[in-house]
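Understanding the architecture of this molecule
The residues making up each chain are set out below.
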Amino acid sequence: LPIWRQSYKGEITVIPKELSQRGDSLYISIDFKMNGVNVDSRQSADFIPVLTSSVRSKKLPEVSIKGRNNYKTYYRSLSLMSKEQRADYEQNAPYSVVKGYKGHSETVNYQYVIPYEKWMADAHLDLQKDDCGCGNINTIEVQRLVDNVLVEKIVVIEPYQVSPSLAYVQPEVEVVKRRDVSAEAAFDFKSGRTDLLPEYMNNPAELSKLRKMIDNLKSDKNINVKGIKIIGYASPEGSLSLNKRLSEDRAKALKKYFMMFYDFPGEIYSTEFGGENWDGLVKALPESNCEYKDTVLSIIEKTSIEEGREKKIMDLHNGVPYRQMLKEIFPKLRIALCIIDYNVKNFDIAEAEQVFKVSPQNLSLNEMYAVANQYNKGSQEFNDVFETAVRMFPNDETANLNAASAALARKDIVSAERYLKKIKSKIRVPEYDNTMGVLEMLKGNYDRAESYFNAANDAGTDEARTNLEEISKKRENIRQIEEQTAKNK
(Lines give C-alpha, C1' and ligand atoms only; values in the text may rest on other atoms or scores of the structure.)
Protein backbone atom coordinates (compact mmCIF):
# COMPACT_ATOMS: atom_id res chain seq x y z
CA LEU A 1 0.00 0.00 0.00
CA PRO A 2 1.24 3.58 -0.67
CA ILE A 3 3.02 5.32 2.22
CA TRP A 4 2.41 9.08 2.00
CA ARG A 5 4.36 11.97 3.40
CA GLN A 6 2.18 12.98 6.34
CA SER A 7 0.60 16.40 5.75
CA TYR A 8 -2.47 15.86 7.87
CA LYS A 9 -3.35 14.25 11.16
CA GLY A 10 -4.84 10.78 11.36
CA GLU A 11 -4.57 8.02 8.75
CA ILE A 12 -5.63 7.74 5.10
CA THR A 13 -5.10 4.24 3.73
CA VAL A 14 -5.42 3.69 -0.03
CA ILE A 15 -6.22 0.12 -1.11
CA PRO A 16 -6.33 -0.69 -4.87
CA LYS A 17 -9.02 -3.29 -5.57
CA GLU A 18 -9.31 -3.62 -9.34
CA LEU A 19 -7.81 -2.46 -12.64
CA SER A 20 -9.25 -4.72 -15.31
CA GLN A 21 -10.76 -4.79 -18.76
CA ARG A 22 -14.00 -6.62 -19.37
CA GLY A 23 -15.55 -6.37 -22.77
CA ASP A 24 -15.36 -2.79 -24.01
CA SER A 25 -14.85 -1.18 -20.57
CA LEU A 26 -12.04 -0.60 -18.06
CA TYR A 27 -13.00 -1.01 -14.40
CA ILE A 28 -11.13 0.87 -11.62
CA SER A 29 -11.85 0.19 -7.96
CA ILE A 30 -9.98 1.79 -4.99
CA ASP A 31 -10.85 2.02 -1.30
CA PHE A 32 -9.86 5.23 0.56
CA LYS A 33 -10.06 4.48 4.31
CA MET A 34 -9.90 7.48 6.65
CA ASN A 35 -9.38 7.16 10.35
CA GLY A 36 -9.36 10.25 12.64
CA VAL A 37 -8.38 12.61 9.81
CA ASN A 38 -7.76 16.31 10.35
CA VAL A 39 -6.59 18.36 7.33
CA ASP A 40 -5.47 21.99 7.77
CA SER A 41 -8.61 24.16 7.64
CA ARG A 42 -7.65 26.05 4.46
CA GLN A 43 -6.18 23.06 2.59
CA SER A 44 -7.20 19.72 1.11
CA ALA A 45 -5.56 16.38 0.43
CA ASP A 46 -6.52 15.52 -3.16
CA PHE A 47 -5.96 11.96 -4.39
CA ILE A 48 -5.95 11.71 -8.21
CA PRO A 49 -5.79 8.29 -9.95
CA VAL A 50 -3.80 8.49 -13.20
CA LEU A 51 -3.81 5.78 -15.85
CA THR A 52 -0.42 5.84 -17.64
CA SER A 53 1.12 3.90 -20.53
CA SER A 54 4.16 4.46 -22.71
CA VAL A 55 2.12 6.51 -25.16
CA ARG A 56 -0.67 8.17 -23.21
CA SER A 57 -1.99 9.01 -19.78
CA LYS A 58 -5.41 9.85 -18.44
CA LYS A 59 -6.35 11.53 -15.16
CA LEU A 60 -9.41 10.17 -13.44
CA PRO A 61 -11.72 12.07 -11.10
CA GLU A 62 -10.14 12.82 -7.75
CA VAL A 63 -11.09 12.15 -4.15
CA SER A 64 -10.73 15.43 -2.28
CA ILE A 65 -10.46 15.39 1.55
CA LYS A 66 -10.91 19.00 2.67
CA GLY A 67 -10.24 20.98 5.81
CA ARG A 68 -13.08 22.88 7.53
CA ASN A 69 -12.88 26.26 5.73
CA ASN A 70 -11.88 24.69 2.42
CA TYR A 71 -14.87 22.36 2.58
CA LYS A 72 -17.34 25.17 3.37
CA THR A 73 -15.87 27.43 0.67
CA TYR A 74 -16.18 24.64 -1.88
CA TYR A 75 -19.87 24.04 -1.28
CA ARG A 76 -20.61 27.79 -1.07
CA SER A 77 -19.06 28.26 -4.51
CA LEU A 78 -21.16 25.40 -5.88
CA SER A 79 -24.36 26.99 -4.62
CA LEU A 80 -23.48 30.27 -6.33
CA MET A 81 -22.81 28.72 -9.77
CA SER A 82 -25.11 29.49 -12.66
CA LYS A 83 -26.69 26.64 -14.59
CA GLU A 84 -24.09 27.00 -17.35
CA GLN A 85 -21.21 27.12 -14.84
CA ARG A 86 -22.55 24.02 -13.10
CA ALA A 87 -22.66 22.13 -16.44
CA ASP A 88 -19.00 23.05 -17.17
CA TYR A 89 -17.95 22.11 -13.65
CA GLU A 90 -19.55 18.68 -13.84
CA GLN A 91 -17.36 17.80 -16.81
CA ASN A 92 -14.35 17.70 -14.46
CA ALA A 93 -15.98 17.29 -11.05
CA PRO A 94 -14.26 15.28 -8.31
CA TYR A 95 -15.37 11.72 -7.73
CA SER A 96 -16.00 12.53 -4.09
CA VAL A 97 -15.49 15.52 -1.76
CA VAL A 98 -15.11 14.46 1.88
CA LYS A 99 -14.90 16.29 5.23
CA GLY A 100 -11.40 16.11 6.59
CA TYR A 101 -11.75 17.60 10.08
CA LYS A 102 -12.92 16.77 13.61
CA GLY A 103 -11.06 13.44 13.43
CA HIS A 104 -13.28 12.27 10.54
CA SER A 105 -13.44 8.53 9.76
CA GLU A 106 -14.98 7.23 6.55
CA THR A 107 -14.32 4.79 3.67
CA VAL A 108 -14.78 5.99 0.09
CA ASN A 109 -15.37 3.08 -2.29
CA TYR A 110 -14.03 4.47 -5.55
CA GLN A 111 -15.76 2.64 -8.44
CA TYR A 112 -15.16 4.08 -11.88
CA VAL A 113 -15.73 2.75 -15.39
CA ILE A 114 -14.35 4.21 -18.62
CA PRO A 115 -14.41 2.99 -22.25
CA TYR A 116 -11.51 0.63 -22.90
CA GLU A 117 -8.99 1.72 -25.52
CA LYS A 118 -6.13 -0.32 -26.98
CA TRP A 119 -3.39 1.85 -25.44
CA MET A 120 -4.61 0.87 -21.98
CA ALA A 121 -3.46 -2.75 -22.47
CA ASP A 122 0.04 -1.95 -21.10
CA ALA A 123 -1.00 0.87 -18.73
CA HIS A 124 -0.43 1.07 -14.98
CA LEU A 125 -2.32 3.00 -12.33
CA ASP A 126 -0.59 5.75 -10.35
CA LEU A 127 -2.01 7.88 -7.59
CA GLN A 128 -1.10 11.54 -7.18
CA LYS A 129 -1.57 13.30 -3.83
CA ASP A 130 -1.79 17.08 -3.91
CA ASP A 131 -1.45 18.45 -0.37
CA CYS A 132 -2.79 21.93 -1.08
CA GLY A 133 -5.34 21.20 -3.80
CA CYS A 134 -3.64 23.83 -5.95
CA GLY A 135 -1.98 21.60 -8.54
CA ASN A 136 1.51 22.95 -7.69
CA ILE A 137 4.01 20.35 -8.85
CA ASN A 138 6.07 20.88 -5.69
CA THR A 139 3.17 19.75 -3.55
CA ILE A 140 2.31 16.61 -5.61
CA GLU A 141 3.48 13.18 -4.53
CA VAL A 142 3.10 10.17 -6.93
CA GLN A 143 3.03 6.47 -6.05
CA ARG A 144 2.24 3.32 -8.05
CA LEU A 145 -1.02 1.59 -7.19
CA VAL A 146 -1.30 -1.17 -9.82
CA ASP A 147 1.43 -2.33 -12.20
CA ASN A 148 -0.73 -3.41 -15.10
CA VAL A 149 -4.25 -3.74 -16.42
CA LEU A 150 -5.76 -7.19 -16.10
CA VAL A 151 -6.84 -7.70 -19.70
CA GLU A 152 -9.78 -9.97 -20.29
CA LYS A 153 -8.73 -13.14 -22.07
CA ILE A 154 -10.34 -13.17 -25.50
CA VAL A 155 -11.89 -16.54 -26.13
CA VAL A 156 -11.44 -17.48 -29.77
CA ILE A 157 -14.24 -19.75 -30.87
CA GLU A 158 -12.89 -22.17 -33.43
CA PRO A 159 -15.13 -23.26 -36.32
CA TYR A 160 -16.73 -26.59 -35.49
CA GLN A 161 -15.66 -29.36 -37.84
CA VAL A 162 -18.57 -31.69 -38.47
CA SER A 163 -17.90 -35.37 -38.10
CA PRO A 164 -20.20 -37.19 -40.53
CA SER A 165 -21.63 -40.63 -39.89
CA LEU A 166 -21.77 -42.77 -43.02
CA ALA A 167 -24.20 -45.57 -43.78
CA TYR A 168 -23.37 -48.43 -46.13
CA VAL A 169 -25.65 -50.73 -48.09
CA GLN A 170 -25.18 -54.48 -47.84
CA PRO A 171 -25.29 -55.85 -51.41
CA GLU A 172 -27.52 -58.77 -52.30
CA VAL A 173 -26.01 -62.23 -52.23
CA GLU A 174 -24.82 -63.35 -55.66
CA VAL A 175 -25.84 -67.02 -55.68
CA VAL A 176 -23.99 -67.84 -58.90
CA LYS A 177 -20.98 -65.64 -59.55
CA ARG A 178 -20.84 -65.51 -63.36
CA ARG A 179 -17.93 -63.61 -64.83
CA ASP A 180 -16.35 -63.11 -68.21
CA VAL A 181 -13.04 -61.91 -69.52
CA SER A 182 -12.14 -61.04 -73.10
CA ALA A 183 -9.25 -60.20 -75.36
CA GLU A 184 -8.97 -59.52 -79.06
CA ALA A 185 -6.28 -60.62 -81.48
CA ALA A 186 -5.50 -59.52 -85.03
CA PHE A 187 -4.25 -62.60 -86.86
CA ASP A 188 -2.43 -62.66 -90.16
CA PHE A 189 -3.85 -64.95 -92.83
CA LYS A 190 -2.53 -65.53 -96.27
CA SER A 191 -4.69 -63.95 -98.97
CA GLY A 192 -7.99 -65.76 -99.30
CA ARG A 193 -6.98 -68.43 -96.77
CA THR A 194 -8.69 -69.33 -93.48
CA ASP A 195 -6.20 -71.72 -91.93
CA LEU A 196 -4.44 -70.26 -88.88
CA LEU A 197 -0.66 -70.54 -89.14
CA PRO A 198 0.77 -70.22 -85.60
CA GLU A 199 4.20 -69.10 -86.77
CA TYR A 200 3.05 -66.75 -89.53
CA MET A 201 4.00 -63.04 -89.20
CA ASN A 202 2.57 -61.63 -85.93
CA ASN A 203 0.48 -64.68 -85.05
CA PRO A 204 2.83 -66.03 -82.32
CA ALA A 205 2.43 -62.85 -80.21
CA GLU A 206 -1.36 -62.71 -80.72
CA LEU A 207 -1.83 -66.37 -79.83
CA SER A 208 0.38 -65.97 -76.76
CA LYS A 209 -1.89 -63.16 -75.53
CA LEU A 210 -5.01 -65.33 -75.77
CA ARG A 211 -3.35 -68.40 -74.27
CA LYS A 212 -2.10 -66.38 -71.30
CA MET A 213 -5.67 -65.29 -70.57
CA ILE A 214 -6.93 -68.87 -70.69
CA ASP A 215 -3.98 -70.26 -68.70
CA ASN A 216 -4.61 -67.77 -65.88
CA LEU A 217 -8.19 -68.99 -65.61
CA LYS A 218 -7.29 -72.67 -65.77
CA SER A 219 -4.68 -72.27 -63.03
CA ASP A 220 -7.19 -70.76 -60.62
CA LYS A 221 -8.79 -73.58 -58.62
CA ASN A 222 -11.70 -71.29 -57.72
CA ILE A 223 -12.79 -70.87 -61.34
CA ASN A 224 -14.86 -73.11 -63.60
CA VAL A 225 -14.82 -72.16 -67.29
CA LYS A 226 -18.34 -72.43 -68.74
CA GLY A 227 -17.96 -71.10 -72.26
CA ILE A 228 -15.47 -69.84 -74.86
CA LYS A 229 -16.96 -67.64 -77.57
CA ILE A 230 -14.93 -66.60 -80.60
CA ILE A 231 -16.31 -63.74 -82.66
CA GLY A 232 -14.70 -63.07 -86.03
CA TYR A 233 -14.72 -59.57 -87.50
CA ALA A 234 -13.96 -58.69 -91.12
CA SER A 235 -12.42 -55.62 -92.68
CA PRO A 236 -15.02 -53.69 -94.69
CA GLU A 237 -13.80 -54.43 -98.23
CA GLY A 238 -15.39 -56.95 -100.56
CA SER A 239 -18.84 -58.49 -100.38
CA LEU A 240 -20.54 -59.06 -97.06
CA SER A 241 -21.20 -62.75 -97.85
CA LEU A 242 -17.53 -63.38 -98.58
CA ASN A 243 -16.46 -61.52 -95.45
CA LYS A 244 -18.94 -63.53 -93.40
CA ARG A 245 -17.63 -66.86 -94.68
CA LEU A 246 -13.97 -65.87 -94.20
CA SER A 247 -14.55 -64.54 -90.69
CA GLU A 248 -16.54 -67.56 -89.55
CA ASP A 249 -13.96 -69.96 -90.97
CA ARG A 250 -11.12 -68.06 -89.32
CA ALA A 251 -12.97 -68.12 -85.99
CA LYS A 252 -13.36 -71.88 -86.37
CA ALA A 253 -9.64 -72.14 -87.11
CA LEU A 254 -8.90 -70.44 -83.77
CA LYS A 255 -11.32 -72.80 -82.03
CA LYS A 256 -9.49 -75.75 -83.57
CA TYR A 257 -6.20 -74.34 -82.35
CA PHE A 258 -7.52 -74.04 -78.78
CA MET A 259 -8.89 -77.57 -78.82
CA MET A 260 -5.40 -78.85 -79.60
CA PHE A 261 -4.01 -77.28 -76.43
CA TYR A 262 -6.81 -77.49 -73.87
CA ASP A 263 -8.98 -80.27 -72.52
CA PHE A 264 -12.20 -78.26 -72.39
CA PRO A 265 -15.27 -80.11 -73.68
CA GLY A 266 -16.02 -79.23 -77.27
CA GLU A 267 -19.53 -77.99 -76.45
CA ILE A 268 -18.26 -75.02 -74.48
CA TYR A 269 -16.92 -73.45 -77.71
CA SER A 270 -19.01 -71.27 -79.98
CA THR A 271 -18.15 -69.17 -83.03
CA GLU A 272 -19.99 -66.34 -84.77
CA PHE A 273 -19.58 -63.55 -87.29
CA GLY A 274 -19.32 -60.15 -85.70
CA GLY A 275 -19.76 -58.18 -88.91
CA GLU A 276 -17.58 -55.78 -90.84
CA ASN A 277 -15.40 -53.89 -88.41
CA TRP A 278 -16.48 -50.33 -89.16
CA ASP A 279 -16.14 -49.36 -85.49
CA GLY A 280 -12.51 -50.42 -85.58
CA LEU A 281 -11.95 -48.31 -88.68
CA VAL A 282 -13.47 -45.24 -86.98
CA LYS A 283 -11.08 -45.74 -84.03
CA ALA A 284 -8.03 -46.31 -86.20
CA LEU A 285 -8.43 -43.44 -88.69
CA PRO A 286 -7.69 -40.46 -86.36
CA GLU A 287 -4.32 -41.97 -85.42
CA SER A 288 -3.41 -42.96 -88.98
CA ASN A 289 -1.55 -41.11 -91.75
CA CYS A 290 -4.36 -41.74 -94.17
CA GLU A 291 -5.06 -38.90 -96.59
CA TYR A 292 -8.53 -37.34 -96.46
CA LYS A 293 -9.30 -39.25 -93.26
CA ASP A 294 -11.69 -36.55 -92.04
CA THR A 295 -13.72 -36.90 -95.23
CA VAL A 296 -13.77 -40.68 -94.82
CA LEU A 297 -15.02 -40.32 -91.26
CA SER A 298 -17.73 -37.95 -92.43
CA ILE A 299 -18.91 -40.48 -95.06
CA ILE A 300 -19.04 -43.24 -92.44
CA GLU A 301 -21.08 -41.03 -90.12
CA LYS A 302 -23.58 -39.80 -92.69
CA THR A 303 -23.94 -42.77 -95.07
CA SER A 304 -25.29 -46.18 -94.08
CA ILE A 305 -23.95 -49.44 -95.49
CA GLU A 306 -27.22 -49.89 -97.42
CA GLU A 307 -26.82 -46.44 -98.97
CA GLY A 308 -23.45 -47.40 -100.46
CA ARG A 309 -20.98 -46.26 -97.81
CA GLU A 310 -18.13 -48.45 -99.12
CA LYS A 311 -18.68 -47.35 -102.75
CA LYS A 312 -18.47 -43.68 -101.75
CA ILE A 313 -15.20 -44.26 -99.92
CA MET A 314 -13.79 -46.27 -102.85
CA ASP A 315 -14.62 -43.44 -105.28
CA LEU A 316 -13.19 -40.70 -103.04
CA HIS A 317 -10.29 -38.88 -104.73
CA ASN A 318 -9.85 -41.59 -107.36
CA GLY A 319 -9.51 -44.30 -104.71
CA VAL A 320 -6.31 -42.88 -103.13
CA PRO A 321 -7.51 -43.02 -99.46
CA TYR A 322 -9.20 -46.39 -100.01
CA ARG A 323 -6.05 -48.02 -101.36
CA GLN A 324 -4.04 -46.57 -98.48
CA MET A 325 -6.51 -47.96 -95.91
CA LEU A 326 -6.58 -51.31 -97.71
CA LYS A 327 -2.84 -51.60 -97.21
CA GLU A 328 -2.27 -49.96 -93.83
CA ILE A 329 -5.49 -50.25 -91.78
CA PHE A 330 -7.77 -53.02 -93.07
CA PRO A 331 -5.48 -55.94 -92.09
CA LYS A 332 -5.68 -54.78 -88.45
CA LEU A 333 -9.48 -54.85 -88.57
CA ARG A 334 -9.64 -58.63 -89.21
CA ILE A 335 -9.74 -59.51 -85.55
CA ALA A 336 -11.00 -62.32 -83.39
CA LEU A 337 -12.61 -61.45 -80.09
CA CYS A 338 -12.30 -64.23 -77.54
CA ILE A 339 -14.79 -64.08 -74.65
CA ILE A 340 -14.51 -66.59 -71.82
CA ASP A 341 -17.44 -67.09 -69.45
CA TYR A 342 -16.71 -68.66 -66.11
CA ASN A 343 -18.15 -69.21 -62.67
CA VAL A 344 -16.35 -68.46 -59.41
CA LYS A 345 -16.95 -70.41 -56.23
CA ASN A 346 -18.49 -68.69 -53.22
CA PHE A 347 -16.13 -67.90 -50.33
CA ASP A 348 -16.52 -67.78 -46.58
CA ILE A 349 -15.15 -64.70 -44.83
CA ALA A 350 -11.70 -66.17 -44.12
CA GLU A 351 -11.31 -67.23 -47.76
CA ALA A 352 -12.67 -63.92 -49.02
CA GLU A 353 -10.05 -61.96 -47.07
CA GLN A 354 -7.26 -63.89 -48.79
CA VAL A 355 -8.86 -63.74 -52.26
CA PHE A 356 -9.33 -59.98 -51.92
CA LYS A 357 -5.57 -59.52 -51.65
CA VAL A 358 -4.75 -61.35 -54.90
CA SER A 359 -7.89 -61.67 -57.06
CA PRO A 360 -10.56 -59.22 -55.91
CA GLN A 361 -12.40 -59.70 -59.22
CA ASN A 362 -13.36 -63.18 -57.98
CA LEU A 363 -15.39 -61.78 -55.08
CA SER A 364 -19.00 -60.71 -55.16
CA LEU A 365 -20.01 -57.31 -53.82
CA ASN A 366 -21.57 -59.05 -50.84
CA GLU A 367 -18.31 -60.87 -50.10
CA MET A 368 -16.35 -57.59 -50.37
CA TYR A 369 -18.82 -55.99 -47.98
CA ALA A 370 -18.12 -58.78 -45.50
CA VAL A 371 -14.36 -58.22 -45.91
CA ALA A 372 -14.74 -54.47 -45.31
CA ASN A 373 -16.56 -55.12 -42.05
CA GLN A 374 -13.56 -56.99 -40.70
CA TYR A 375 -11.91 -53.56 -40.34
CA ASN A 376 -12.86 -50.57 -38.22
CA LYS A 377 -15.52 -48.51 -39.92
CA GLY A 378 -13.96 -45.51 -41.64
CA SER A 379 -10.41 -46.90 -41.47
CA GLN A 380 -8.13 -46.80 -44.50
CA GLU A 381 -8.52 -50.57 -44.97
CA PHE A 382 -12.29 -50.31 -44.68
CA ASN A 383 -12.50 -47.55 -47.30
CA ASP A 384 -10.04 -49.29 -49.64
CA VAL A 385 -12.35 -52.30 -49.95
CA PHE A 386 -15.18 -50.13 -51.28
CA GLU A 387 -12.82 -48.33 -53.64
CA THR A 388 -11.76 -51.71 -55.04
CA ALA A 389 -15.37 -52.87 -55.25
CA VAL A 390 -16.39 -49.96 -57.46
CA ARG A 391 -13.43 -50.62 -59.76
CA MET A 392 -14.56 -54.23 -60.13
CA PHE A 393 -18.22 -53.25 -60.58
CA PRO A 394 -18.08 -49.72 -62.05
CA ASN A 395 -21.74 -49.59 -63.09
CA ASP A 396 -23.30 -51.16 -60.02
CA GLU A 397 -25.38 -48.65 -58.07
CA THR A 398 -24.73 -50.24 -54.67
CA ALA A 399 -20.98 -50.28 -55.35
CA ASN A 400 -21.08 -46.59 -56.32
CA LEU A 401 -23.17 -45.64 -53.29
CA ASN A 402 -20.80 -47.38 -50.87
CA ALA A 403 -17.77 -45.92 -52.68
CA ALA A 404 -19.32 -42.45 -52.32
CA SER A 405 -19.68 -42.99 -48.57
CA ALA A 406 -16.07 -44.18 -48.36
CA ALA A 407 -14.94 -41.05 -50.24
CA LEU A 408 -16.91 -38.78 -47.90
CA ALA A 409 -15.31 -40.51 -44.90
CA ARG A 410 -12.02 -38.98 -46.05
CA LYS A 411 -13.78 -35.67 -47.02
CA ASP A 412 -13.23 -36.32 -50.77
CA ILE A 413 -16.25 -34.45 -52.13
CA VAL A 414 -15.15 -34.60 -55.78
CA SER A 415 -14.93 -38.41 -55.89
CA ALA A 416 -18.16 -38.77 -53.93
CA GLU A 417 -20.07 -36.63 -56.42
CA ARG A 418 -18.63 -38.64 -59.31
CA TYR A 419 -19.84 -41.90 -57.78
CA LEU A 420 -23.27 -40.52 -56.88
CA LYS A 421 -23.83 -39.27 -60.44
CA LYS A 422 -23.56 -42.87 -61.64
CA ILE A 423 -26.62 -43.80 -59.60
CA LYS A 424 -28.99 -43.10 -62.47
CA SER A 425 -32.10 -44.46 -60.81
CA LYS A 426 -31.52 -42.24 -57.74
CA ILE A 427 -32.30 -45.14 -55.46
CA ARG A 428 -34.06 -43.67 -52.45
CA VAL A 429 -32.90 -46.16 -49.88
CA PRO A 430 -32.20 -44.48 -46.53
CA GLU A 431 -28.45 -44.92 -47.03
CA TYR A 432 -28.65 -42.89 -50.25
CA ASP A 433 -30.42 -40.04 -48.45
CA ASN A 434 -27.85 -40.13 -45.66
CA THR A 435 -24.95 -40.06 -48.14
CA MET A 436 -26.47 -37.14 -50.06
CA GLY A 437 -26.99 -35.37 -46.76
CA VAL A 438 -23.33 -35.83 -45.79
CA LEU A 439 -22.27 -34.49 -49.19
CA GLU A 440 -24.37 -31.35 -48.75
CA MET A 441 -23.26 -30.96 -45.12
CA LEU A 442 -19.56 -31.04 -46.11
CA LYS A 443 -20.31 -28.46 -48.83
CA GLY A 444 -21.89 -26.19 -46.20
CA ASN A 445 -25.46 -26.54 -47.51
CA TYR A 446 -26.99 -27.30 -44.12
CA ASP A 447 -30.65 -26.80 -45.04
CA ARG A 448 -30.41 -29.22 -47.96
CA ALA A 449 -28.42 -31.65 -45.84
CA GLU A 450 -31.05 -31.52 -43.11
CA SER A 451 -33.78 -32.40 -45.61
CA TYR A 452 -31.92 -35.55 -46.68
CA PHE A 453 -31.11 -36.50 -43.09
CA ASN A 454 -34.73 -36.09 -42.03
CA ALA A 455 -35.81 -38.50 -44.76
CA ALA A 456 -33.18 -41.06 -43.73
CA ASN A 457 -33.97 -40.58 -40.03
CA ASP A 458 -37.67 -41.15 -40.66
CA ALA A 459 -36.68 -44.48 -42.22
CA GLY A 460 -34.82 -45.41 -39.03
CA THR A 461 -31.20 -44.74 -40.03
CA ASP A 462 -29.16 -44.16 -36.85
CA GLU A 463 -26.39 -42.39 -38.79
CA ALA A 464 -28.87 -39.78 -40.04
CA ARG A 465 -29.96 -38.98 -36.48
CA THR A 466 -26.30 -38.49 -35.51
CA ASN A 467 -25.78 -36.22 -38.52
CA LEU A 468 -28.77 -34.09 -37.55
CA GLU A 469 -27.08 -33.57 -34.18
CA GLU A 470 -23.90 -32.55 -36.00
CA ILE A 471 -25.82 -29.93 -37.97
CA SER A 472 -27.30 -28.57 -34.72
CA LYS A 473 -23.80 -28.29 -33.25
CA LYS A 474 -22.50 -26.55 -36.37
CA ARG A 475 -25.34 -24.04 -36.42
CA GLU A 476 -24.83 -23.24 -32.72
CA ASN A 477 -21.10 -22.81 -33.40
CA ILE A 478 -21.86 -20.40 -36.26
CA ARG A 479 -24.17 -18.42 -33.99
CA GLN A 480 -21.49 -18.18 -31.28
CA ILE A 481 -18.84 -17.05 -33.75
CA GLU A 482 -21.14 -14.38 -35.18
CA GLU A 483 -21.97 -13.20 -31.66
CA GLN A 484 -18.30 -13.09 -30.66
CA THR A 485 -17.35 -11.27 -33.85
CA ALA A 486 -19.99 -8.62 -33.24
CA LYS A 487 -18.86 -8.26 -29.64
CA ASN A 488 -15.21 -7.76 -30.64
CA LYS A 489 -15.98 -5.06 -33.19
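Here the structure is shown first, and the text comes after it.
These lines cover the structure that appears in this document, whether it is placed above or below. Within each chain, residue numbers correspond to sequence positions counted from 1 in written order. Owing to the predicted nature of the model, reporting of local features is limited to residues with pLDDT of at least 70; listing and counting of side-chain atom pairs is limited to 80 or more, with chain, interface and lining totals taken over all residues. Neither water nor hydrogens contribute to the side-chain values; these are computed over all heavy atoms in the structure.

**Concerning the overall build of the protein chain**
- Within the protein chain, the regular secondary structure consists of 17 helices and 13 strands.
- Viewed in the frame of its principal axes, the protein chain has a C-alpha envelope of about 140 × 60 × 40 Å.
- Among the 489 residues that make up the protein chain, the fraction classed as buried is 43%.
- Residue contacts follow a heavy-atom distance rule, with two residues in contact if any of their heavy atoms lie within 4.5 Å. Long-range contacts, defined here as pairs at least 24 residues apart, represent 68% of the contacts in the protein chain between residues at least 6 apart.
- Where accessible areas are quoted, they stem from the Shrake-Rupley method and a 1.4 Å probe; at the residue level, only the protein chains shown are allowed to cover. Counting only carbon and sulfur atoms, one obtains 48% of the accessible surface of the protein chain, whose full area is about 27100 Å².
- In this tally Asp and Glu are treated as negative and Lys and Arg as positive; neither His nor the chain ends contributes. To locate a charge, take atom NZ for lysine, CZ for arginine, CG for aspartate or CD for glutamate. Between the averaged position of the 70 positive side-chain charges in the protein chain and that of its 72 negative side-chain charges there is a distance of 3 Å. What counts as a helix is a DSSP run of H or I of at least four residues, what counts as a strand is a run of E of at least two, and both are numbered from the N terminus. In this scheme, a residue with accessible area under 20% of its type's maximum is buried, one over 50% is exposed, and one in between is partly exposed, where area comes from a 1.4 Å probe on protein chains only.

**Re the sheet that holds strand β1 (residues 9-22)**
- If DSSP finds at least two bridges between two strands, the strands pair. With antiparallel pairing, three strands are arranged side by side in an open sheet as β1-β2-β7. The sheet is open, and its two edges are formed by β1 and β7 (104-115), each paired on a single side. This sheet shows a mean twist of 10° between the axes of neighbouring strands, independent of strand direction.
- In the sheet, β1 pairs with strand β2 (residues 25-38) via 12 bridges, with the strands oriented antiparallel. Opposite I15, over in β2, you have D31 as the bridge partner. The convention used is that axes are lines fitted to C-alpha atoms, helices contributing only their stretch in contact, and that angles between N-to-C directions extend from 0 to 180 degrees.

**A look at helix α16 (residues 446-458)**
- Any helix carries an expected span of 1.5 Å times its number of residues minus one. Look at α16: 18 Å from first C-alpha to last across 13 residues, which is about the 18 Å you get at 1.5 Å a residue.
- A positive backbone phi angle near 95° is found at G460, which sits one or two residues after α16.

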